[in-house]
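Structural overview
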Amino acid sequence: MPPAFKILAADKLADEGLAFIRDQKDAELVNKPGLTEQQLADIIGEHDGLIVRSGVQVTAAVLDRPGRLRAVARAGVGVDNIDIEAATAKGILVMNSAEASTTSTAEHAFALMMALARNIGQSYHTMHEGGWDRNKFQGSQLSGKTLGVVGFGRIGRTVAERAVAFGMKVVAYDPFFNASTALDGKVKMYGEFTELLPHSDFLTFHVPLNDQTRGMLNKQTFALCRQGVRVINAARGGIISEADLLPAIESGQCGGAALDVFDTEPPPADSPLRTHPKVLVTPHLGASTLEAQRAVSVGAATALLEYLRGEGISGAVNAGGVRLDLDPIQARFVDLSQRMARLIAPMLCQGIDRVTFELTGKQLASAAGTIERMALIGLLGKHLDVPLNVVNVKPIAEQRGIALRTVTTEEDGLGGLELAIEIEHGEETCRIVGRVYNDDRPRVVQINGYHMDIVPAGVMVLILNEDTPGTVGLVGTDFGQAGVNIADMAISRRQTKALMTLKLDGEPPEALINRLRHRPGILKVMIVKLPELPQ
Ligand code: NAD
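This section reports on the structure supplied with the text.

1. Focus: the sheet that holds strand β18 (residues 442-447)
- A sheet is described by the order of its strands in space; here six strands give the open sequence β15-β14-β16-β17-β18-β19, paired in mixed fashion. The strands lining the two open edges of the sheet, one partner per strand, are β15 (403-409) and β19 (450-454). Ignoring which end each strand starts from, the neighbouring axes of this sheet average 15° apart.
- Where β18 and β19 come together, three bridges link them in antiparallel fashion. Within the sheet, the bridge partner assigned to V444 lies in β19 and is I454.

Here is the structure:
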């Protein structure tokens, strides 16, 4: 039998990555670095997966006739050489292997901080020139100092762990990390960037470059820092304003900077950053270790094959970090998110303006991308005629002007792990909250402020009614007369209204639903068919 998956390596990959693919029984490696754009476009459709580094341009023209191509994996982080929009439009997953360089980049940032603290760069330089100046280069100890970590993602967290081990006090800021502490209470989180600044002796940046982060350390924010603050940027050039850095150093407000990344790379030969004695520079070396380079190519090949085999999605660039390699609890929440979204979807009568996902509990945070996308498919699936999948659902939602927000809270809530989905549409807001208890069954515990405890599965009917005596009896009689058995029922009251959530043994006839809709005091009747729970 021919191997199931044909993988085209169109760039020069580390031998370990190539060997990994060759070793897989279900994969055939086609190793063809150095193709022209036209040659690549001509053969790409014969392959199931493509792996590149930064040397190959995967343009819209290359992806125009995708044939059997289902995924493009970048061995490394930056995906500037891949036309993400074109890939997304064709339903092709683009993935990178960012995680593989986390440790190397964190170690580099840490090395820069240590070198700054002990003037390694400058003292090395003077010894090279024949000098021996011990007084000038007296340093400062890291232990006991406070490190401010800006961006508490993969790299920020890894740097923080190391700083804690060095006896540093660590504080951090990340607007998408909703907890007062992290790393088991060892890191204090601040809600505002400006709050973190007066507390930090060292500041290290681990955020993506975007409109919010470009120039976030500038003249105004430098002024809020401790006098002599030392700053490190091993994330992306431009996060520390290059124009404002040198004046801050000259005035003594900044005690030194270590930069691995620059506005323009390489920086101009006459850039003062290259020669300033208080600026330590490295040429974008964060991920440049043998281990990271091996790991990115093996990581890209592994992720690509896992996706093709249907085993999981990791490092997805155009699918928001969707993962199928979830632990059992995360998998139950992913399933619950889709059930919750489908349950609440019929209540949305106007266009959706904003969807907020609130994930309570550390275990849910790492599955956020998957939960978000599966819920969106559940929410929008009925309203759109485009087939939705994990690759296209988020861009389609955004194209339709739906703002998406995810808030994660590290500490478990009172009810343990919890997922809330809030949908703003027109003047109204709908909110549904779900949990999974120890019996492993998903529950909806709240809809629009109405408390309940119901397993979202099978045929369900939601009835919103005026909270007047006799309504429940009326509904029960109507179902009974139509020969439809109610298997479970939750009634919740709020102010003058009540929400009945019914689980039925079978599908209710259309005539019954119409009759209910015309009963006095009944405001809304919605029917939803959800998959049964697996036995
Ligand atoms: P990540 O996505 O895991 O973490 C980024 C974090 O930044 C997230 O937690 C996010 O919530 C946070 N964030 C987003 N906007 C923010 C804001 N306005 N203020 C504060 N926090 C904000 O990414 P990562 O893998 O940790 O990478 C971090 C950075 O390092 C990226 O810019 C990446 O490109 C860069 N990087 C550099 C090198 C190198 O060679 N120097 C290598 C790898 C990664």
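Resuming the write-up.
2. Let's talk about the side chain of K394
- Structurally, K394 can be placed in helix α15 (residues 393-399).
- Judged by its relative accessible area of 19%, K394 is buried.
- A polar side-chain atom of K394 sits 2.9 Å from a polar atom in the side chain of E372.
- Here K394 is in contact with E372, R373, L376 and L404, once residues within four sequence places are set aside.

3. Observations concerning the site of the ligand
- Around the ligand there are 22 residues in total, and R154, I155, D174, V207 and A234 lie nearest to it.
- Between the ligand and V207 there is a distance of 2.8 Å, counted from an oxygen atom to a backbone nitrogen or oxygen.
- The contact in question runs from an oxygen atom of the ligand to an N or O atom on the side chain of H284, over 3.1 Å.
- Burial of the ligand by the protein chains amounts to 84% of its free accessible area of 860 Å².
- Here the shell around the ligand is built from residues that sort into 10 nonpolar, eight polar and four charged.

4. Describing the sheet that holds strand β1 (residues 5-9)
- Spatially, five strands are ordered β2-β1-β3-β4-β5 in an open sheet, and the strand pairing comes out parallel. Two strands lie at the open edges of the sheet, namely β2 (27-31) and β5 (93-96), each paired on one side alone. When the angles between neighbouring strand axes are averaged without regard to direction, this sheet yields 20°.
- Pairing between β1 and strand β3 (residues 49-52): three bridges, direction parallel. Bridging across to β3, A9 finds its partner in I51.
- Helix-sheet contacts for helix α1 (residues 15-22) involve β1, β2 and β3, and the interaxial angle to β2 is about 140°.

5. Observations regarding the pairing of strand β12 (residues 254-259)
- Burial analysis of β12 places five of its six residues in the buried class, the great majority of the element.
- A crossover links strand β11 (residues 229-233) with its parallel partner β12, the connecting element being helix α9 (residues 242-250), and its sense is right-handed.
- As paired strands, β12 and strand β13 (residues 279-281) are joined by three bridges and run parallel to one another. Note that in β13 the partner of A258 across the bridge is L280.

6. A few points about the side chain of T221
- Mapped onto the secondary structure, T221 falls in helix α8 (residues 219-223).
- Dropping the residues within four chain positions of it, T221 is found in contact with F193, L197 and M216.

7. Thoughts on empty space enclosed by the protein
- For the coordinates displayed, the defined rule picks out one cavity of 30 Å³ or more.
- Considered as a void within the structure, the largest cavity measures approximately 40 Å³ in volume.
- Lining the largest cavity we find N233, G237, G238, I240, E242, L245, L259 and V261.
- Along the lines of polarity and charge, the residues of the lining of the largest cavity split into four nonpolar, three polar and one charged.

8. Digging into the pattern of salt bridges
- Applying the stated criterion across every chain, the model contains 22 salt bridges.
- Between R309 and D26 there is a salt bridge; the shortest N-O distance is 2.6 Å. Residue R309 is located in helix α11 (residues 290-309), and its partner D26 is located in the loop between α1 and β2; the two are separated by 283 residues in the primary sequence.
- Between D478 and R515 there is a salt bridge whose closest N-O contact spans 4.0 Å. Here R515 lies in helix α17 (residues 510-517) and D478 lies in helix α16 (residues 471-481), a separation of 37 residues in the sequence.
- On the basis of relative accessible area, R515 is assigned to the partly exposed category, the value being 36%.
- One continuous salt-bridge network, built from bridges that share partners, spans E358, E422 and R431.

Cut-off values and rules
Residues numbered from 1 in each chain as written. Predicted model: local features only at pLDDT ≥ 70, side-chain atom pairs only at ≥ 80, totals over all residues. Heavy atoms only, no water. Pairing = 2+ DSSP bridges. Helix = DSSP H or I, 4+ residues; strand = E, 2+ residues; numbered from the N terminus. Axes fitted to C-alpha atoms, helices over the stretch in contact; angles between N-to-C directions. Buried < 20%, exposed > 50% of the residue type's maximum accessible area, 1.4 Å probe, protein only. Polar contact = N/O pair within 3.5 Å; in protein donor to acceptor, adjacent residues only side chain to side chain. Contact = heavy atoms within 4.5 Å. Near = heavy atom within 4 Å. Areas by Shrake-Rupley, 256 points an atom, 1.4 Å probe, with all protein chains shown as cover. Nonpolar A, V, L, I, M, F, W, Y, C, P; charged D, E, K, R; others polar. Right-handed = clockwise from strand over helix to strand, strands pointing away. 1 Å grid on protein atoms, 1.4 Å probe; cavity = no way out; pocket = protein on both sides within 12 Å on 5 of 7 lines; lining within 4 Å. Points joined across faces, edges and corners; volume = space filled by probe spheres on them. Salt bridge = Lys/Arg side-chain N within 4 Å of Asp/Glu carboxyl O.

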